[in-house]
Structure formats: C-alpha cells, structure tokens
Amino acid sequence: MLRHPPRPMCPHCQSLDYEAVQLSGRGTLYSYALLHHPRHPAFDYPVVAALVDLDEGVRVVSNLVDVEPGEIRIGMPLEVTFEPTAGDGSVPVFRPARDAA
Amino acid sequence: MSGFGGRAAIVGVGATEFSRQAGRTELQLACEAIRDALGDAGLTATDVDGIVSYTVDPVEETELVRSVGFQEIGFSSRVPYGGGGSMGTLLHAAAAIASGAAEVVVAYRAIRARSGATRFGGAKTAASPTSGHSGTTAMQWCMPYGVLTPASWMALNATRYMHTYGVTSADIGRAVVQLRAYAETNPAAWGYRRPMTLEDHQASRWIAEPCIRLFDCCQETDGSVALVITSRERAADLPSQPAFIAVAAGAGLFGQEIASDHYSRDLAVMEGSVALGRRLFDRTGIGRDEIDAAMIYDAFSPILLMQLEGLGFCGLGEAKDFIAAGSLAPGGALPTNTNGGLIGEGYIHGLNLVLEAVRQLRGTAVNQVADPRQILVSASRTGAILTRD
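Bear in mind the structure is a predicted one, so any value in this text is a computation, not a measurement.

So, how was this worked out
- Chains are numbered independently. Their residues run from 1 in the order of the written sequence.
- Just so you know, chain letters begin at A and ligand numbers begin at 1, following the order they were written in.
- In keeping with the predicted nature of the model, local features appear solely for residues at pLDDT of at least 70, side-chain atom pairs appear and are counted solely at 80 or more, and the whole-chain, interface and lining totals rest on all residues.
- Each side-chain value is derived from all of the structure's non-hydrogen atoms; neither hydrogens nor water enter the calculation.
- Helix and strand definitions follow DSSP, with helices as H or I runs of at least four residues and strands as E runs of at least two, each counted in order from the N terminus.
- The globule rule is 2.2 Å times the number of residues to the power 0.38, and the radius of gyration it is compared with is taken over C-alpha atoms.
- Exposure classes here rest on a 1.4 Å probe applied to the protein chains alone. A residue is buried below 20% of its type maximum, exposed above 50%, and partly exposed in between.
- By this definition, two strands are paired if DSSP reports at least two bridges between them.
- To get an axis, a line is fitted to the C-alpha atoms, and for a helix only the part in contact is used. The angle between two axes follows their N-to-C directions and goes from 0 to 180 degrees.
- When checking whether two residues touch, look at their non-hydrogen atoms; a contact exists if any pair is within 4.5 Å.
- Two parts placed together each lose some accessible area; with a 1.4 Å probe, that loss summed over both constitutes the buried area.
- Salt-bridge detection follows one rule: a side-chain nitrogen of Lys or Arg within 4 Å of a carboxyl oxygen of Asp or Glu.
- Gly is put with the polar residues, along with every residue not named as nonpolar or charged; the nonpolar set is Ala, Val, Leu, Ile, Met, Phe, Trp, Tyr, Cys and Pro, and the charged set is Asp, Glu, Lys and Arg.
- For the purposes of this section, nonpolar cores are sets of buried Ala, Val, Leu, Ile, Met, Phe, Trp, Tyr and Cys residues that join through side-chain atoms within 4.5 Å.
- Aromatic rings from Phe, Tyr and Trp, with only the six-membered ring used for Trp, were paired whenever their centres fell within 6.5 Å, and each pair was classed as stacked if the ring planes differed by under 30 degrees, edge-to-face if by over 60, and tilted otherwise.
- For a Lys NZ or an Arg CZ to count as sitting over a ring, it must be within 6 Å of the ring centre and within 35 degrees of the ring normal.
- In these notes the angle categories are as follows: under 35 degrees is roughly parallel, over 145 is roughly antiparallel, 65 to 115 is roughly perpendicular, and the rest is oblique.
- Crossing chirality is assigned from the near helix's rotation relative to the far helix, an anticlockwise turn below a right angle marking it left-handed and a clockwise turn marking it right-handed.

**What to know about the overall build of chain B**
- Across its full length, chain B holds 12 helices and 11 strands.
- Taken over the C-alpha trace, chain B has a radius of gyration of 19 Å; the compact-globule value for 389 residues is 21 Å, and the two agree within 12%.
- Along the first, second and third principal axes, the C-alpha atoms of chain B reach 55 × 45 × 40 Å.
- Looking at chain B as a whole, 63% of its 389 residues are labelled buried.

**Comments concerning the sheet that holds strand E7 (residues 222-231) of chain B**
All names here are of chain B.
- The 9 strands lie next to each other as E3-E2-E4-E7-E1-E8-E11-E10-E9, forming an open sheet whose pairing is mixed. Whereas interior strands pair on both sides, the edge strands pair on one side only; in this sheet they are strand E3 (75-79) and strand E9 (293-296). In this sheet, adjacent strand axes meet at a mean angle of 25° when their direction is disregarded.
- In this sheet, strand E8 (residues 243-250) lies alongside strand E1 (residues 8-15) in antiparallel orientation, the contact comprising 2 bridges.

**Concerning the interface of chain B and chain A**
- Counting residues at the interface gives 37 residues for chain B and 28 residues for chain A.
- Ranking the residues of chain B by area buried against chain A places Tyr145, Leu156 and Tyr263 of chain B at the top, with a combined share of 26%.
- Connecting chain B to chain A are 1 salt bridge.
- Of the charged contacts, one joins Arg7 of chain A and Glu257 of chain B as a salt bridge, the two residues approaching to 2.8 Å between their closest N and O atoms.
- Contributing elements (two or more residues each) for the side of chain B that touches chain A: helix H4 (150-165) and strand E5 (206-209) of chain B.
- At 6 residues, the largest contribution of residues to the side of chain B that touches chain A is made by H4 of chain B.
- Each residue belonging to the side of chain B that touches chain A can be placed in one class, and the counts come to 19 nonpolar, 12 polar and 6 charged.
- Pairing of strand E1 (residues 26-35) of chain A with E5 of chain B involves 2 bridges; the strand directions are antiparallel.

**Concerning the pattern of salt bridges**
- Counted according to the given criterion, the structure contains 21 salt bridges over all chains.
- Residues Glu32 of chain B and Arg24 of chain B are paired through a salt bridge, measuring 2.8 Å at the closest nitrogen-oxygen approach.
- Of the residues examined, Arg24 of chain B reaches a relative accessible area of 18% and is grouped as buried.
- As a salt-bridge pair, Asp57 of chain B and Arg109 of chain B come within 2.9 Å of each other at their nearest N and O atoms. With Asp57 of chain B in the loop between strand E2 (50-54) and helix H2 (61-69) and Arg109 of chain B in strand E4 (residues 104-112), this pair connects stretches of sequence that are 52 residues apart.
- The exposure class assigned to Asp57 of chain B is buried, which follows from its relative accessible area of 5%.
- Residue class for Arg109 of chain B comes out buried when judged on its relative accessible area of 1%.
- In this structure, a network of salt bridges that share partners links the residues Asp66, Glu79, Arg95 and Arg98 of chain A.

**Things to note about the nonpolar core**
Residues and elements named next belong to chain B.
- Ranked by size, the top nonpolar core spans 113 residues in total, and within it Ile10, Leu90, Leu227, Ile229 and Leu386 carry the most contacts.
- Residue contributions to this core peak at 8 residues, all from H4.
- Residues in contact with Leu90, not counting those within four places in the same chain, are Ile10, Leu227, Ile229, Ile245, Ala248, Val354, Val377, Ala384 and Leu386.

**Thoughts on the packing of aromatic side chains**
Residues and elements named next belong to chain B.
- A full pass over the atoms with the stated rule returns 4 aromatic pairs over all chains.
- Relative to Tyr347, the ring of Tyr297 lies with its centre 6.1 Å away and its plane at 65°, an arrangement referred to as edge-to-face. Highlighted residues: Tyr297 in the loop between E9 and helix H9 (302-311) and Tyr347 in the loop between helix H11 (341-344) and helix H12 (351-362), separated in sequence by 50 residues.
- Residue classification places Tyr297 among the buried residues on the basis of a relative accessible area of 8%.
- Ring pairing ties together the aromatic residues Phe120, Tyr297 and Tyr347, which thus form one cluster.
- Against the face of Trp206 rests Arg213, its NZ or CZ located 3.9 Å from the ring centre.
- Sitting over the face of the ring of Phe244, Arg232 holds its NZ or CZ atom 3.9 Å from the ring centroid.

**Details of the packing of H4 of chain B against H9 of chain B**
Residue and element names in this part refer to chain B.
- At their nearest, the axes of H4 and H9 sit 10 Å apart, and the two run at 55° to each other. Classified by the angle their axes make, H4 and H9 are oblique. The two elements H4 and H9 cross, and the hand of that crossing is left-handed. For the pair formed by H4 and H9, the contact residues are Met154, Ala158, Tyr161 and Tyr165 on the first element and Pro302, Ile303, Leu305, Met306 and Glu309 on the second.

What follows is the structure, encoded as structure tokens:
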C-alpha cells in the first residue's frame, strides 16, 4: 500500500512500519496550472505546476518540463526526469513520455 | 439530533473597517470588533463565558480576556481547516451553548492579510506546522515546485474542474460580475463604486492560467469581525433580532488536506461540500429550495461554483448554467454573497459572510433580499443555516 504525502502511520492498518520503494517514474497528467503571480525569486515564470497520477496509484505535485504550454493536455502520458535544486539536491519533474505505452 | 433547532442564536455582530493597512495589531482589531458586537447585542464583557476562533488566528485568548475584560471563560475552542473552518465557529458556539458549557460565546477573527508580516496571498516558503497556520505538512511537497501561494494550490483543483465539466474563464467571470455588482453599492466593500464588467474580468491578468485571473481573487484585507452567540431563552431578552442557528455542521474527510488539497480521487468535486450538504440539508429535512440567500466562501471564484454543485444547489458541472441565468444576482434563484463576497467586500477569512447573513435576516443589509427567512453560510467544509424564527 503506497501512501503520499507520507505520515507516521498507515491509515488502513495503523502500522508504523514503512519502506521506501522505487517507482516506474511513469504517470499521466491529472491537472496543471501556469503560475504567473505572485512571484518568488527562486523560480522562472510562468511556473508550470502539475498534478501527476503515477502508474502505481499515488498522485504527486511536480513541474512539467520539455513541453510548450500550448501542448499541455490533461491525460497526457508522462515520464520522470530530475532537475537540480539548491545545494546538491535534485527533484523529480515530468516530461512527455517518449515511448507512450 | 440533527442540528441545533434554533436553540442558539447570533444576537450581536461587530466589525472594524476593512482596509489595506489597519495600522494597529490584530489584538486591537479583535477588541474593537468584539466591543462593537457586545454593544449590538446589548451585553457587556462580563456576560461572556465562551470564546471561539480559528486555529490560524494570531490573537491569543488570554490577551483577549485581559484586554476586553472577560471575567471567567468556561469554554474556548478553535476550528481547524483555515478559512474552510470559518463557519465552524458557529458549530462550536452552538454546541457549547446547547451543552451548557457556556451561555454567551464570542466568535472572532482578526487579520492583517495585507499589511501583516507576510501578505496572505503571497509565497510561503517555510514548511508549515499543522496548527497556527492554514495548511498541513502536505505543503512541503509543493514548495520545491514553486507552488507556493493560495492561488497556485487552488488552481490545480480548478483546472481539473474546468476540464471535467467544460467550464471556461468567462463562465467563472459571470459569477464575479454578479458579486461585484453587490460590492459596488456596499460602502464597507473594497469594490464600492468600482463597477466591473465581464470584459474587465476577461482582460484582467492571469494569476494562474487557465483558471484564476486577478479579478477571480479575493482582496487581502485588514480587519476584524466578531459575533455574539447565546441561547434562544437569553436572546428573547435582548434588543436585536436574533439569527437562530437551525443547524451548523462540519465535514472533515480522510481525503482532504488544507489549502494544498490535491489528493482526493476526484478533484472536480468538492467532496467536503457534498458531505456538508448532507449534514445541513439531508439530515435535517431542510430543503435546498427553502434557502432564500447564500453566503459562500469565495477566496477564489472557482470554489464558489464548486460549492454550489457540492452542496446540491445544482448538478455537477451545472453551476456555469445556474450562474449564467443570473441566479446569484438580486431576484435570482439564490442571491449569493450580497455584500460582494470575499472577492468584492474583503477577506476577513470568511467571517464577514456571517455578518452579512445576520444583516439580511434583520432586514438591514445594504443589498437587502426581500423577506429572507433562511440563509445558508458555507465555507466548503463547515457551514450553517441561519433562520429568522
């Protein structure tokens, strides 16, 4: 049973045990928005915000990359890629799937 | 038990001016609104034995007690869910009175949404605790992606809603035009004497495309609203026309987060409002067609449409047609947010909508509905039905 956002207890069986699992990185676009205002200096605008329904059944907030705003379609197949962030971190973002299954 | 059957009533309302720079603390704003509400109720500070507010309110109860002069507080509580909990103040107050835990309860909200340390609609970049803030830990999963503002959190839901039901920005704009027409004649409103057409709405800049333009956003406002609630018996001895609480309810569902609320299976439906509608109407036998006016939390205009559907005033996807028929306007099927709403009047985090409902029931509203007997107040996951008798 996958859960996101994660919290200390499994809401189905009340177990405190958990493990992180690697997912396929595939999903579909559930919703999106082009964010114009207000702005924060850490980001380029418009921010392309997205909700991605992952194939394994959880939904995540992310960004879309490698896609023009006019080409965004709810339901489009997506695949994960990683973008660097401040420090040495990286975050998962999504681009159109290259071999749409 | 279904509801409170009018055993509790709002007997006093008070407010400060609504502005962009109050120039005084939230504590002082709350004190002023409460003093105003007690005067309206014909009561004094020493009559008060209950206090209710929101978890996000910055005014600490003890500061308030020692400022206003409350002598012995037997009941105090705070409602979660940010602005979604605003109408829950009526539930807590009525429950306290019905149980005997308190006899006279003050509900308040004081806010400096515009001139405070951070603008309420601005970017939030610190991980949020679960209390003292209008959010949950789910917000930290938005922050790396620049999804930092109330408009951005709402937009992800609103785009899905528009996609599912074929709703356009102009469809939403027609609701805003009807609200702003009320604001135009309300001297307390930000939108007083500021007419707005659908063309103006459609020309306003995108905040979050394709669902939220500038004119779809409420006004960040400084100010305070206070309500005084007591029992039907006590109300009978007081000078004002009571607004009885027929039913007050809340619905916090497993699938929901606060603000960054992106994890319910179907985000095109406000499931909290569906559950709230069941508690307000289906459990009490009060008909939706018996509601003479509605005050519906409109921080951003798409959630007005979504609540109309969730609460059952029209079918899913039909709010755009309901609104295009002029239903929210004077003489419409459901005159709504007759003060201009949070969009047109100002954003006291929802509680100014209760103020307007009371004025309507008293017959003293600026945009008075003809002879209203039952008024709905909704903040999507908390709400109440107020009645004149």
